[in-house]
Each structure stands twice: as C-alpha cells, then as structure tokens.
There are 4 protein chains.
Amino acid sequence: MTDDRSPWPLAPPWRAARWFNAAEAPSLAALRGRVVVLHAFQMLCPGCVAHGLPQAKALYEQFAVYGVAVIGLHTVFEHHAAMTPVSLGAFIHEYRLEFPIGVDEPAGDGPVPLTMQAYGMRGTPTLVVIDQAGRIRLHRFGRVEDLAVGALIGRLLAGG
Amino acid sequence: MTDDRSPWPLAPPWRAARWFNAAEAPSLAALRGRVVVLHAFQMLCPGCVAHGLPQAKALYEQFAVYGVAVIGLHTVFEHHAAMTPVSLGAFIHEYRLEFPIGVDEPAGDGPVPLTMQAYGMRGTPTLVVIDQAGRIRLHRFGRVEDLAVGALIGRLLAGG
Amino acid sequence: MTDDRSPWPLAPPWRAARWFNAAEAPSLAALRGRVVVLHAFQMLCPGCVAHGLPQAKALYEQFAVYGVAVIGLHTVFEHHAAMTPVSLGAFIHEYRLEFPIGVDEPAGDGPVPLTMQAYGMRGTPTLVVIDQAGRIRLHRFGRVEDLAVGALIGRLLAGG
Amino acid sequence: MTDDRSPWPLAPPWRAARWFNAAEAPSLAALRGRVVVLHAFQMLCPGCVAHGLPQAKALYEQFAVYGVAVIGLHTVFEHHAAMTPVSLGAFIHEYRLEFPIGVDEPAGDGPVPLTMQAYGMRGTPTLVVIDQAGRIRLHRFGRVEDLAVGALIGRLLAGG
C-alpha cells in the first residue's frame, strides 16, 4: 500500500504498441521496488540524439548493476509517417541502444500518443525518474545535468 | 574541353530519384565552373549526424557566398525500409538542412544505389570535393578535418 | 566518536600554506557533519583544466545549497617555480573559480607536498569525496563520470 | 620588392625577449616567401587554452609540411608576475606545444608589450595570417572557424 500522504504523484502506467530490446513487455507495476528512469524521445529529435539518448545510455551503463531500470519510450507526436516502428528499429540498431524501448501507443483522435498524454509531457526529450514506490520524483523537458540526475538516483538508491 | 592529361578523375554524374531543397534538380554538368562539395550520408548513420552533416552545413554557411555548391546525397545502402524519402523529409526539416539533397537512385539488383556505385563509395559519411573542371580532388570516407577541407576549397577557389 | 569498525578510512587533515577564496582557513574537522569534495589539481595540468576543474566548479554550483563543501587543493609536485601562489592567484581569477582553494604545504625534503603525501595521491587531477563522518568514500586519480560522482553525493546526502 | 599598391598592410617585425622551441630566433624577414601564422596568447587566458592554442597546434600539424610557419607569441598584458618565462616554459612542456614561441618584449612604460602594440592587438587570443610577401591577410581577436582559416591558408598556398 502506498502512502497516500506522499507529496509525489503516482506515475501512471505506460502503454506501448510494441517493444524493442525486451523479451516481454516491461510494466511499471512489475518494476515496483526498483528505481525507474523513463526517457521519452523521438528518433528525429536533434536534442534527443545529441543529449537525451546518450544520457539514457550512460544511465543504463552506470546504474543497471544497482537495479535501476532504464526504459525508453518513443513518443511520436509529429512526423508520424517518418518515424514508424521499422525506422525506429534501424535507429535502435545503428545507435546501439540496449535498454528496452516501447512505442508509445497512438491515440485514435490526435497526434499525441497515450502515455505522453497521461504524463503530461510537453515535448522531447523528457526525463522522468520514478522511485521504488512508483512515484514521480523528477519530470523534466529538455536537458538535465548529469550531476543532478546522478544525485537523485543516488538518493533514491539510499532510500532517501 | 577538359584536359585529358589531368591526374584527377572526372566525377561521374549523380543520379537522384528525387530532390529536397531544390526547385529543379541540380546537375553536375550545370555546376561546371564552380567548386562542388558532395556529401553522401544516411539519416540513421551516427557518424553522419554527429560529424558529417554538421560539417556539410558549415561548408554551406561558410562558402556559399564564394560560389561553392554543397550537395547532399542520401545514399541508402542498408535499412532501406527505415530510411524512405518521407522519413528523410522529416529529418531534413528537424535538422534544419538547407542545401539541396538528392535521394540516390536505388539499383534494381542490389542494396547499393547507383551514384554510390558510380563513385565507388565505401560507406557513409563520404565527402567528395569536385573542382571547377568537374574533377574529383578529394574522396574520403569517414571524418575529415575542417582545416584540411577548408584548405582544399581555398586552393580551388584561388585556381590552384 | 566515529565508528571504529567502518570499512572506510578516516580522511587525514589537509595542510595548506595559504588559502584563496576563504576568509579563514577551512579545516576538515570544522566541516565534520557535511559532505566534502576535495579536488586536487595543478594549474598547469591539462587534464585538470579540461575536466577536473570544470567538474569541481559544477559540483560547487550544483551542491553548495545542499551543504556540500567543495575544497580545491593546489598540489604542486612538479614545475614548482612555474606554479607559485602568485601564478595560482591569477589562474583562479581568470578561470572564475569561487570555492576555497588551498596551497598544499611544500615538504622540506622532496617535491611532493604534505597533503598529497598524506592522502597517497598519485597525480592530478585527484577527486576525494569525504562523508559526514570524515571518512573517505571515493579517492580517484583521473577522470570520473559526473553520473557516478553525483550518485555518490546523492547517496551521502540521503545518509546512505 | 613588395607591391606598394597592395591593399594589405605590411606586418611589422615582432620583438621577443626570448624564444622557446627554437634554436635561433625566427624573424619575419627570414620567413619572407612562406605563409606565416602568428598566434598571440597568454598562458592563463581560458579562451586561448580552450580554442586558440589547440587551433595553432592543429595548424602546425596540418600545414608545416606545406611550408607554413606557425609562430606563437606570449603577449602578456595583465598578471605579469603570474606569467613569467619560467611559468610559460612549464606550460609549453605540459601542453606539448612544439612550434616556436616567443615572449613578446615588455614595454618599459606600460603593461602592453611591444609586438602587441605594433600590431594593434586588442586581447588574446589573436590570430594573424601573413602572406608570402609579408602582408597581413587576417587579423582577428577571439575565435575563428577552422574552415575559414583553412580556406585562407589554402588560397595563399595556391598563390591566390
């Protein structure tokens, strides 16, 4: 049972149409008890390619051994025909991304996919850090300093 | 008439299935008399995104006023379904590329497109510098230093 | 009283011939209860200028508000005549370093100054992170990733 | 005899109190016939260390084989006591600078040294490119793009 008095909002479940780099679909519920980093990106977003994805990669390399789960989410909200799953698959291969990456489920009635809507994300890249109790501790659009992300993860791993 | 005793090979014409950023198709023949930089890339090639295309952009910004023509060529030789023209169009838009970019014409019988074959390119990024007489003065796969490319262009502009 | 069973060694006091950016000399004893980052450098060490000092600066900017003390230590063990305090003062001014920086006390009988000896440092840059109980939790020569340093500091701030 | 109608000013001779990396003092007169790159810097100037000197190094590595002479000039106009020749010597050693570097001759009556005055330099880094006839073809304070410097040198080498 989670503490209802927490000042931190519960992270909504994500919804993915399909997954890459995952034998079975990772769910937020199944990751309860672990720190989760959710990195929302678009493959044709220059800021994601230059800063966001390298940071997600480094987080995966640095913290996987401490049980931190790094989850990528391809939240296409523009140029939909240009960023299909087949293009994403080649992108993941060429950029050597090894953590699980889900394709955010398209909405039936608009360009913004469902998880992006549920989290209220404003664009890409967006970094979300979720604690062991499933609560959102960081939700940031744009570039975030490695020192700051590192400190938050260190704090969460220490139970702080 | 070109000088048949030149030690530099004549650049073959390029063949493009379609063009972006160009009202009409640029042809090598029509550019005779100008220095031409041909930058071959793939939109999902990390080295192209990190180094090759920023250099092509800088060449365009630096030397267009001196009459240098910068021509991009999307030479897809792998992941064909992932790098269709519709994906390339979004890529060009997101990365703010403003010079003409052609889609190298697919071969009927193999993965390597026609211009890539004609030039004997080994991969992407490849930089080709063609002089005012249509001869290949530089043909390099991988990263090339700005100082070296700049010096060659300066030399050609001086008629050297 | 510190826990004698700790697996982490107690940090020895530092010894400085003089200080910059400090009204009075900071002592490790007086900082007990706070996380301390000790950054040992030489002003003419390229790795310190390119990586170590920018990281120390970023640590100061990021974590000073959380009570982390960042202390620079100029550990000259070569080119002594070239890196005198007057040169260091100009360096600190030009590079806009704002955290306290001590000049490691020269040894009477060799090139390696006293604090550098006491900590067993092998060269510059060296990063030492000391916890609230005065114990050394990280002692690294060369480049250390921001994510890793951030995580350690976050963990210590959480009491982990 | 130089062409008196040239639109480019003649470069004044430099005056150095001493030289590093040179068996005998290089003089501008003796370099007539070669392209000369004069890079004015101060060892404690962050922009020189981050951009100017790496560019001078790259120019030396790229163009020495074409006869281009790269000359460093330590133009100390502030913090004189901090940037003495003994400090400069250690700096040159640590940063692996291999081209000749002169110490601009101090003026008897002010902080700005003699060559810096003669060239009308406004600060450091300053890049001066001198053609084979001893005329100043580029005189720039601050950062200059590699492509632009490369193009000028290429042009001069081609006699343009």
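1. Quick look at the overall build of chain A
- When helices and strands are tallied, chain A shows 4 helices and 6 strands.
- In chain A, the order of α-helices and β-strands from amino to carboxyl end is β-β-α-β-α-β-α-β-β-α.
- In terms of overall dimensions, chain A is globule-like: its C-alpha atoms have a radius of gyration of 15 Å, near the 15 Å expected for 160 residues.
- Expressed as lengths along the three principal axes of its C-alpha atoms, the size of chain A is roughly 45 × 30 × 30 Å.
- Per-residue burial over chain A gives 46% buried out of 160 residues.
- In chain A, the share of contacts with a sequence separation of at least 24, taken over all contacts with a separation of at least 6, comes to 72%.

2. Concerning the relation of the copies chain A and chain B
- The two copies are related by a screw motion: chain A maps onto chain B through a turn of 180° and a shift of 0.0 Å along the axis, at an RMSD of 0.0 Å. On the angle and the small slide along the axis, the relation comes out as a two-fold axis.
- Interface overlap between copies is the fraction of interface residues in one copy that are interface residues in the other; for chain A against chain B it reaches 100%, indicating a shared surface.

3. Notes on helix α4 (residues 146-157) of chain C
- For α4(C), built from 12 residues, the straight-helix expectation of 16 Å at 1.5 Å per residue is met to within 8% by its first-to-last C-alpha distance of 16 Å.
- Of all the 12 residues making up α4(C), 11 are buried; the element is thus mostly covered by neighbouring parts of the structure.
- Within the sequence span of α4(C), burial applies to C:Asp146, C:Leu147, C:Val149, C:Gly150, C:Ala151, C:Leu152, C:Ile153, C:Gly154, C:Arg155, C:Leu156 and C:Leu157.
- Buried residues in α4(C) make contact with α1 (46-63) and α4 (146-157) of chain A together with α1 (46-63), β5 (126-130) and β6 (136-141) of chain C.
- Positive phi shows up at C:Gly159, right after α4(C), with a value of about 80°.

4. Focus: the packing of α4(A) against α4(C)
- At a minimum axis distance of 6 Å, the contact between α4(A) and α4(C) shows a crossing angle of 40°. Classified by the angle between their axes, α4(A) and α4(C) sit oblique to one another. Crossing handedness for the pair α4(A) and α4(C): right-handed. Together, A:Asp146, A:Leu147, A:Ala148, A:Val149, A:Gly150, A:Ala151, A:Leu152, A:Ile153, A:Gly154, A:Arg155 and A:Leu157 of α4(A) and C:Asp146, C:Leu147, C:Ala148, C:Val149, C:Gly150, C:Ala151, C:Leu152, C:Ile153, C:Gly154, C:Arg155 and C:Leu157 of α4(C) make up the contact between the two elements.

5. What about the interface of chain D and chain B?
- Contact with chain D, which involves 18 residues of that partner, is made by 18 residues of chain B.
- Elements with a contribution of two residues or more to the side of chain D that touches chain B: α1 (46-63) and α4 (146-157) of chain D.
- Tallying contributions element by element places α4(D) first for the side of chain D that touches chain B, with 11 residues.

6. Side note on the interface of chain A and chain B
- At the interface, 14 residues of chain A touch 14 residues of chain B.
- Secondary structure elements with two or more residues in the side of chain A that touches chain B: α1 and α2 (85-94) of chain A.
- Residue contributions to the side of chain A that touches chain B peak at 6 residues, all from α2(A).
- Looking at the side of chain A that touches chain B residue by residue, the classes come out as 10 nonpolar, 3 polar and 1 charged.

7. Considerations on the sheet that holds strand β2 (residues 36-41) of chain D
Residues and elements named next belong to chain D.
- The 6 strands are arranged β1-β4-β3-β2-β5-β6 in an open sheet whose pairing can be described as mixed. What marks the edges here is a single partner per strand, and that holds for β1 (16-20) and β6 (136-141). Mean inter-strand twist for the sheet, computed between neighbouring axes without regard to direction, equals 20°.
- Relative to strand β5 (residues 126-130), β2 is paired through 5 bridges, and the arrangement is antiparallel. When the bridges of β5 are listed, alanine 40 appears paired with threonine 126.

8. With respect to the environment of A:Val112
All names here are of chain A.
- Of note, valine 112 is situated in the loop between β4 (101-104) and α3 (114-119).
- Given 16 C-beta atoms within 10 Å, valine 112 falls into the partly exposed group.
- Along the backbone, valine 112 and glutamate 78 are 34 residues apart, and their C-alpha atoms lie at a distance of 8.0 Å.
- Filtering out sequence-adjacent residues up to four positions away, valine 112 remains in contact with Phe77, Ala107 and Gln117.

9. Things to note about the sheet that holds strand β2 (residues 36-41) of chain A
Residues and elements named next belong to chain A.
- The sheet built from 6 strands is open, its strands ordered β1-β4-β3-β2-β5-β6 with mixed pairing. Taken across any chain shown, the strands that pair with only one partner, and hence form the sheet edges, are β1 (16-20) and β6 (136-141). On average, each strand axis in the sheet is inclined to that of its neighbour by 20°, with strand direction left out of account.

10. Regarding the nonpolar core
- Grouped together as the largest cluster of nonpolar side chains are 200 residues, with contacts concentrated most on A:Ile153, B:Ile153, C:Ile153 and D:Ile153.
- The residues contacting A:Ile153, other than those within four sequence positions of it, are A:Val35, A:Phe63, A:Val68, A:Val129, C:Ala151 and C:Gly154.

11. Description of the pairing of β5(C)
Residue and element names in this part refer to chain C.
- In terms of residue burial, β5 counts as a mostly covered element, since 5 of its 5 residues are buried.
- The alternating pattern of β5 places Thr126, Val128 and Ile130 and Leu127 and Val129 on opposite faces, both of which are buried.
- As paired strands, β5 and β6 are joined by 5 bridges and run antiparallel to one another. Across the sheet, the residue bridging to leucine 127 is arginine 140, located in β6.

12. Observations concerning the pairing of strand β3 (residues 69-74) of chain C
Residue and element names in this part refer to chain C.
- Judged by how many residues are buried, β3 sits mostly within the fold: 5 of 6 residues are covered.
- Of the pairings in the sheet, the one linking strand β2 (residues 36-41) to β3 comprises 6 bridges and is parallel in character. By the bridge assignment, phenylalanine 41 is partnered in β3 with histidine 74.
- In this fold, the crossover linking β2 to β3 by way of α1 has right-handed handedness.
- As paired strands, β3 and strand β4 (residues 101-104) are joined by 3 bridges and run parallel to one another. Bridge assignment links histidine 74 to a residue of β4, and that residue is valine 103.
- Handedness of the crossover joining β3 and β4 through helix α2 (residues 85-94) is recorded here as right-handed.

13. Considerations on the confidence of the model for chain A
- In the predicted model, chain A carries a mean pLDDT of 95, and 97% of its residues have values of at least 70.
- Interface confidence for the predicted complex, expressed as ipTM, amounts to 0.92; the pTM equals 0.92.

Rules behind the numbers
Residues numbered from 1 in each chain as written. Chains lettered and ligands numbered in written order. Predicted model: local features only at pLDDT ≥ 70, side-chain atom pairs only at ≥ 80, totals over all residues. Helix = DSSP H or I, 4+ residues; strand = E, 2+ residues; numbered from the N terminus. Rg over C-alpha atoms; globule rule 2.2 N^0.38 Å. Buried ≥ 20, exposed ≤ 12 C-beta atoms within 10 Å, placed from the backbone. Contact = placed C-beta atoms within 7 Å. Least-squares fit on C-alpha atoms with pLDDT ≥ 70 in both. Expected span 1.5 Å × (residues − 1). Axes fitted to C-alpha atoms, helices over the stretch in contact; angles between N-to-C directions. Parallel < 35°, antiparallel > 145°, perpendicular 65-115°, else oblique. Left-handed = near helix turned anticlockwise from the far one by under 90°. Nonpolar A, V, L, I, M, F, W, Y, C, P; charged D, E, K, R; others polar. Pairing = 2+ DSSP bridges. Core = buried A, V, L, I, M, F, W, Y, C linked by C-beta atoms within 7 Å. Right-handed = clockwise from strand over helix to strand, strands pointing away. pLDDT = per-residue confidence, 0-100.

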